[in-house]
Amino acid sequence: MSGLGRRGDALAGLSERSFDVLVVGGGIVGAGVLLEATLRGYRAALVERNDFASGTSSRSSKLVHGGLRYLARGEVGIVRDALRERANLLRRAPSLVRPMPHVFPLRSQVHRLAVRATLTLYDRLGSQPAHTLVSRDEIAARDPDLASLAPFGAARYHEAQADDTRLVFATLVAAVERGAIVANHIAALRRRRWGDRVRTALRDERGGATIEVEARCVVVAVGAHFGDARADFDWRAMALRPAKGIHAVLRVTPRDANVLIRSPRDGRYLNTLPWHGHVLAGTTDTPASREEIDDPRPSAEDVAYVLDAVRPLYPDSDKRVRAAWAGIRPLINAGGATTVGLSREDEIASPEPGVLAVAGGKMTTYQAMARRTMDLVDRNIGRRRASEEAPLDDPLPPSGKRLVSDAPFTRGELEAAARDGMVETLDDLLTQRVGITLVAPDAVREHARDWAKVVAPILGWDESRVARETEDVRTRAARFAPP
Ligand SMILES: Cc1cc2nc3c(=O)[nH]c(=O)nc-3n(C[C@H](O)[C@H](O)[C@H](O)COP(=O)(O)OP(=O)(O)OC[C@H]3O[C@@H](n4cnc5c(N)ncnc54)[C@H](O)[C@@H]3O)c2cc1C
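Residues numbered from 1 in each chain as written. Predicted model: local features only at pLDDT ≥ 70, side-chain atom pairs only at ≥ 80, totals over all residues. Heavy atoms only, no water.

**Student:** In this structure, what is going on with the nonpolar core? I would like to understand it.
**Tutor:** Side chains of nonpolar character tend, in soluble globular proteins, to be buried together. Leu167 and Leu392 are the most contacted members of the largest nonpolar core, which totals 75 residues. A total of nine residues in this core trace back to one element, the largest contributor, which is helix 8 (residues 164-177). If we ignore the near neighbours within four places in the chain, the residues touching Leu167 are Ile28, Leu89, Leu96, Val97, Ala162, Met363, Tyr366 and Leu392. With 39 residues, the next largest nonpolar core counts Leu280, Ala407, Val455 and Val466 among its residues. (Core = buried A, V, L, I, M, F, W, Y, C linked by side-chain atoms within 4.5 Å. Buried < 20%, exposed > 50% of the residue type's maximum accessible area, 1.4 Å probe, protein only. Helix = DSSP H or I, 4+ residues; strand = E, 2+ residues; numbered from the N terminus. Contact = heavy atoms within 4.5 Å.)

In structure tokens:
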């Protein structure tokens, strides 16, 4: 990983300087706004209360997609925009965003006609390459389990898959390389108007110190935390209907495509994506309670819902759940009884002069959200144009020996992240930078001490720090084990 910089330098930079734009929240939306601000020539900084990408932006289904589901609801504009963003990301971030074939099993003649009509429109709106049909006989010859779900064959079309966490890091790194300052484990507290500026109090969650940072504009991108009653900061600018979604990681041999499976319980479609040599199965969509926003977890019932759907395709999946975790969708409150029916459209609000709040949307459209947010900042504090389009590279390309035999995470990633990734804790390293906790929490619990020792010389950890970090990460990894 090149270039998040040293946290100590970032803290010094935050307290010494006055900024054009201060971004609060280090998920994909905040990272996108920071990069766009930097590309437009603003002096910009970002603070994140926990670790970067530790919220929803590491708990998504990892799809960069137009959203076939939204098309079925008639949300043509949203789908067209998302397909454009998908094409942009495939071009700008080829090491992070890759084409992912999708297989849609067809249940009946009527279903076949309906899916074909939807996919034909999808192709016209920009989804390329165009979809094709595969007959039941062709499927049966290669994949009897899939054939049992596809009595009328299947449609094959294309989306893209991204490592969501690394997309956040790549975006942050691109901003830092262009002069931005970022700091993790820094919570934004109160803010107050000061002449034509906004002063925001920040608390170092590691050291406890509080500093005040001055900016011409503060952009709040705290995702599902808008409306969090326990937040120190008053974020009530945004009316959200937060919705929980969970994934189960199955230790089974993945297919080469995302097979969409219909839940026998309610007819919703679930993904079964190939992911780090495993299958990522999900997701659910249920209203999230306030308690869940800060600490979302899958219930046994959530996992049972996913397993009921995927069992026909992966018959022994009940015994193969290696990890399960949850995230909270920051859905804009557009009324209606269930969260499933809500649009994923985003919203940008200006609750007071010098402050913008941005939420909603999806990972796929984060750059479009960032551009629109910065257009509003431009209007308030100047007019700029982005002088370039930043390419995004995987900050941690795999190198060296594997950490475990059955998942593709490497020792090279571990060491590189410890060197350049603003790592404060072993959990930052294993869960957000390398990402192994989300796939193999069992391996993290088993090997945490060995891996802590590998990075100890780089991070300056002594024996007692290694022991503390190991203990802490084991407890945290246990939360990713299936309930
Ligand atoms: C189950 C699920 C599946 C999804 N699948 C997809 C998909 O396949 N494709 C897709 O495009 N989208 C998907 N999404 C949507 C996408 O993940 C989200 O829209 C996106 O990650 C939201 O990013 P964010 O930056 O707004 O929020 P977050 O990632 O939650 O970031 C907000 C950050 O703000 C920080 N914060 C809060 N308060 C403070 C404070 N006081 N000071 C400093 N920092 C603070 C938090 O710690 C957090 O890290 C999915 C979402 C879910 C839940």
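That covers the picture; the talk isn't over yet.
**Student:** I keep staring at the site of the ligand and nothing clicks. Help me out?
**Tutor:** Close contacts around the ligand come from 37 residues, with Glu48, Ser57, Ser61, Leu63 and Thr364 the closest. Val29 is positioned with one of its backbone polar atoms (N or O) 3.1 Å from an oxygen atom of the ligand. For the ligand, a nitrogen atom lies 3.0 Å from a polar atom in the backbone of Arg49. Computed on the free molecule, the ligand has an accessible area of 1000 Å², of which 96% lies beneath the protein chains in the complex. For the shell around the ligand, the secondary structure elements donating two or more residues are helix 2 (28-39), strand 8 (186-194), strand 11 (243-250) and strand 17 (321-329). Of the residues that constitute the shell around the ligand, the class distribution is 13 nonpolar, 18 polar and six charged. Here the shell around the ligand gathers at least three residues from each of two domains, domain 1 (7-57 + 165-240 + 342-381) and domain 2 (243-329). (Near = heavy atom within 4 Å. Polar contact = N/O pair within 3.5 Å; in protein donor to acceptor, adjacent residues only side chain to side chain. Areas by Shrake-Rupley, 256 points an atom, 1.4 Å probe, with all protein chains shown as cover. Nonpolar A, V, L, I, M, F, W, Y, C, P; charged D, E, K, R; others polar. Domains from an automatic or database assignment.)

**Student:** I tried to follow helix 2 on my own but got confused; where do I start?
**Tutor:** An α-helical segment advances 3.6 residues per turn. Residues three or four places apart therefore align on the same side. Here helix 2 spans 16 Å end to end across twelve residues, near enough to the 16 Å set by a 1.5 Å rise per residue. Helix 2 sits mainly inside the fold: twelve of its twelve residues count as buried. Here helix 2 has its buried residues at Ile28, Val29, Gly30, Ala31, Gly32, Val33, Leu34, Leu35, Glu36, Ala37, Thr38 and Leu39. Gly41 sits one or two residues past helix 2 and shows a positive phi near 90°. (Expected span 1.5 Å × (residues − 1).)

**Student:** Explain the pattern of salt bridges here, please?
**Tutor:** Side chains that differ in sign of charge can pair as their charged atoms come close. Per the stated rule, a full pass over the model turns up 46 salt bridges. Residue Glu424 pairs with Arg7 through a salt bridge whose shortest N-O separation is 3.9 Å. One end of the pair, Glu424, is in the loop between helix 12 (411-420) and helix 13 (426-434); the other, Arg7, is in helix 1 (residues 7-16), and 417 residues separate them in sequence. Each member of the pair, Glu424 as well as Arg7, carries the same accessibility label: buried. (Salt bridge = Lys/Arg side-chain N within 4 Å of Asp/Glu carboxyl O.)

**Student:** Before we go on, may I ask you to explain empty space enclosed by the protein in this structure?
**Tutor:** In this approach a probe as big as a water molecule rolls over the atoms, and the regions it shows empty are the leftover space. Enumeration according to the criterion identifies one cavity of 30 Å³ or more in this entry. Lining the largest cavity are 16 residues, with Asp163, Thr165, Trp275, Val434 and Gly435 sitting closest to its centre. Looking at the lining of the largest cavity, the elements with two or more residues in it are helix 8 and helix 13. Across the lining of the largest cavity, the residue classes break down as five nonpolar, six polar and five charged. (1 Å grid on protein atoms, 1.4 Å probe; cavity = no way out; pocket = protein on both sides within 12 Å on 5 of 7 lines; lining within 4 Å. Points joined across faces, edges and corners; volume = space filled by probe spheres on them.)

**Student:** Is there a simple way to think about the pairing of strand 10 (residues 210-220) in this case?
**Tutor:** Each regular strand displays side chains that alternate between the two surfaces of the sheet. Across six bridges, the pairing between strand 1 (residues 18-24) and strand 10 is parallel. If you follow Phe19 over to strand 10, its bridge partner there is Ala215. As paired elements, strand 9 (residues 197-204) and strand 10 share six bridges and run antiparallel to each other. Bridging from a neighbouring strand, Thr200 pairs with Val213 of strand 10. Relative to strand 19 (residues 355-359), strand 10 runs parallel, the two sharing three bridges. Its bridge partner being in strand 19, Val218 is matched across the sheet by Val355. (Pairing = 2+ DSSP bridges.)

**Student:** So what exactly am I meant to see when it comes to the packing of helix 8 against helix 13 here?
**Tutor:** In contact at an axis separation of 8 Å, helix 8 and helix 13 are set at 100° when each is read in the N-to-C sense. On the basis of the axis angle, helix 8 is roughly perpendicular to helix 13. Contacts between helix 8 and helix 13 involve Thr165, Arg166 and Phe169 on the former and, on the latter, Gln432, Arg433 and Val434. Split into classes, the residues belonging to the contact of helix 8 with helix 13 amount to two nonpolar, two polar and two charged. (Axes fitted to C-alpha atoms, helices over the stretch in contact; angles between N-to-C directions. Parallel < 35°, antiparallel > 145°, perpendicular 65-115°, else oblique.)

**Student:** Would you mind showing me how to read the packing of aromatic side chains here?
**Tutor:** The relation between two aromatic rings is expressed through the spacing of the ring centres and the mutual angle of the planes. What the rule picks out here adds up to four aromatic pairs. Here the aromatic rings of Phe52 and Phe169 are separated by 6.0 Å at their centres, their planes lie at 85°, and the arrangement is edge-to-face. Placement of Phe52 in the loop between strand 2 (44-47) and strand 3 (63-64) and of Phe169 in helix 8 is noted, with a sequence separation of 117 residues between them. In this structure Phe52 comes out as buried when scored by relative accessible area, which is 0%. Look at Tyr122 and Tyr157: their rings are 6.1 Å apart centre to centre, the planes differ by 80°, and that puts the pair in the edge-to-face class. You can see Tyr122 sitting in helix 5 (residues 109-124) and its partner Tyr157 sitting in strand 6 (residues 154-162), a full 35 residues away along the chain. The same class applies to Tyr122 as to Tyr157, namely buried. Above the ring of Trp194, the side-chain terminus of Arg199 is found at 4.1 Å from the ring centroid. The ring of Tyr314 is capped by Arg255, whose NZ or CZ atom sits 4.9 Å from the centre of that ring. (Phe/Tyr/Trp six-rings, centres within 6.5 Å; stacked < 30°, edge-to-face > 60°. Lys NZ or Arg CZ within 6 Å of the ring centre and 35° of its normal.)

**Student:** Help me understand the domain arrangement of the protein chain, please; the structure alone is not making it clear to me.
**Tutor:** How large an interface is tends to be reported as the accessible area lost when its parts come together. Domain boundaries assigned for the protein chain yield domain 1 (7-57 + 165-240 + 342-381), domain 2 (243-329) and domain 3 (402-478). On a C-alpha basis, the centroid separation for the pair domain 1 and domain 3 is 27 Å. The partner of Asp51 in a salt bridge is Arg433, with the nearest N and O atoms 2.6 Å apart. At the boundary of domain 1 and domain 3, one finds seven residue pairs in polar contact (both at pLDDT 80 or more).

**Student:** Looking at this model, I keep getting lost on helix 13. Mind explaining?
**Tutor:** Most of helix 13 sits inside the fold, with nine of its nine residues counted as buried. Inspection of helix 13 places Leu426, Asp427, Asp428, Leu429, Leu430, Thr431, Gln432, Arg433 and Val434 among the buried residues, and these make up the whole buried set. Against helix 8, strand 20 (402-404), strand 21 (407-410), helix 12, helix 14 (441-459) and helix 15 (463-478) lie the buried residues of helix 13. After helix 13 finishes, the residue Gly435 shows a positive phi value of roughly 90°.

**Student:** In this structure, what is going on with the environment of Leu396? I would like to understand it.
**Tutor:** You can see Leu396 is positioned in the loop between helix 11 (366-381) and strand 20. With a relative accessible area of 1%, Leu396 lands in the buried category. Spatially, the C-alpha atom of Leu396 lies 9.9 Å from that of Asp420, the residues being 24 residues apart in sequence.

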